[in-house]
Amino acid sequence: MKAATVHRILLWGMLVLFALYFLTPMYVMVSTSLKDMDQVRDGSLLSLPTRPTTEAWAKAWSGACTGTDCNGLKPFFLNSLLLVVPAVLVSSAIGAVNGYVLAKWRFPGSETMFAFLLFGVFMPMQVVLLPMSQVLGWLGIASSLWGLILIHVLAGIPSTTLFFRNYYVGLPDELVKAAMLDGASFWQIFFRIVLPLSTPIVVVTLIWQFTNIWNDFLYGVVFSGADSKPITVGLNNLANTSSSVKEYNVDMAAALIAALPTLFVYVVAGKYFVRGLTAGAVKG
C-alpha cells in the first residue's frame, strides 16, 4: 500500500472520529427526545428509542410549563421570530451604508468614528445594561419587543459596519469614480454598483446577526417583559421549572426546537457557499 494511501486513510479516520465525538451530544438529544419516560429510565444514554414517539416534541411546543405558564415554547418561538427578522434586516442595512461611507466616501474624522465603532464590537454587553434600560424607559418601550429590537439593532451596528467596511475597502475605487463622472448620485452608486457586488458579505452578515440575536439570552432576560420573552428565556424557564418528575425527553425536544432555526440557516448558507465554490472551481 502506498504511503499516500495510508496517509489518506489515517486522515479520514481521524476526521470521522472527531465528527463522531462532536455529533454524539446531538445524537443523545435527538434519541432522548424520541423516547417516552419509561424508555428514558430503563434504557441507557446511547440506546436507540425502541418505540419512537413525538409526544415530547408536542409537549415542549405547546404543553410544557415554563414557570406558571404551561403553553410550551410556542409563544417564545413566535416572539423570537418577530424580534429577529426586523433586527437582522435593519442592523445589516445600517451596517452596509456605514461601511459604504467609511470605505468609499471618507470625510474628516471618519477613521476616528470607525475606531469608536470598532470599540463597540469588543465592549462587554454587561457594561451597557443600565444605560440601555434607562434609554428604553425614557422612550416608553421598556419590556417590549420594540425595545428588544432597538437593543439588538444598536448592538449589531458595530459588527455589521466592520464587516461591510472591510469588504468595501477591497472594491476598486475606480468603480465609484467612474460612476460619479457619469453623474450617479450617492444612493445610485450604492444600489446599482456596490450592493450587487456585496452578496458574499451580505450572506455572512445576515448569518452572523441571526445567530447572535436568536441565541441571545442576556438581553432577552434583562429587557423583555412577560409577553415579549424570546426563545432562549423560554427554554431556560422550561428547563428550570421543577415538577415531581424531571422529563428529560421534553427538555431535549425543547432544546432542539430552539436550535432548529439556527441549524436551518447554517444548512442554507452551507449550500450557498458550496455552490459558490463549485462555480468558482468550474470557472477556474
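Residues numbered from 1 in each chain as written. Predicted model: local features only at pLDDT ≥ 70, side-chain atom pairs only at ≥ 80, totals over all residues. Heavy atoms only, no water.

Asker: Explain the overall build of the chain to me, and be specific about the residues and the numbers.
Answerer: Within the chain, the regular secondary structure consists of 13 helices and 0 strands. Relative to the compact-globule value of 19 Å for 284 residues, the chain shows a C-alpha radius of gyration of 24 Å, a clear excess of over 25%. In terms of its C-alpha atoms, the chain occupies a principal-axis envelope of roughly 75 × 70 × 30 Å. Burial analysis of the chain (284 residues in total) assigns 35% to the buried set. Long-range pairs, those at least 24 residues apart, make up 71% of the contacts in the chain between residues at least 6 apart in sequence. With 17 positive and 13 negative side-chain charges, the chain shows a separation of 11 Å between the mean positions of the two kinds. (Helix = DSSP H or I, 4+ residues; strand = E, 2+ residues; numbered from the N terminus. Rg over C-alpha atoms; globule rule 2.2 N^0.38 Å. Buried < 20%, exposed > 50% of the residue type's maximum accessible area, 1.4 Å probe, protein only. Contact = heavy atoms within 4.5 Å. Lys, Arg positive; Asp, Glu negative; His and termini not counted. Charge placed at Lys NZ, Arg CZ, Asp CG, Glu CD.)

Asker: Please set out unusual backbone geometry residue by residue, giving values where relevant.
Answerer: Despite not being glycine, Ser143 shows a phi value in the positive range, around 60 degrees. Mapped onto the elements, Ser143 comes out in the loop between α6 (129-139) and α7 (145-169).

Asker: Tell me what's going on with the side chain of Thr241, and back it up with residues and numbers.
Answerer: Looking at the element boundaries, Thr241 is found in the loop between α12 (231-240) and α13 (248-283). A distance of 3.4 Å separates a polar atom in the side chain of Thr241 from the backbone oxygen of Cys65. (Polar contact = N/O pair within 3.5 Å; in protein donor to acceptor, adjacent residues only side chain to side chain.)

Asker: Which residues make up the state of the cysteines, and what are the values?
Answerer: On inspection of all chains with the given rule, the structure shows 1 disulfide. Note that Cys65 is cross-linked by a disulfide to Cys70, the S-S spacing being 1.9 Å. Measuring handedness by torsion sign, the sulfur bridge of Cys65 and Cys70 sits at about 90 degrees and is right-handed. Owing to a relative accessible area of 31%, Cys65 belongs among the partly exposed residues under this scheme. (Disulfide = S-S within 2.5 Å.)

These values are about where atoms sit, not about what they do.
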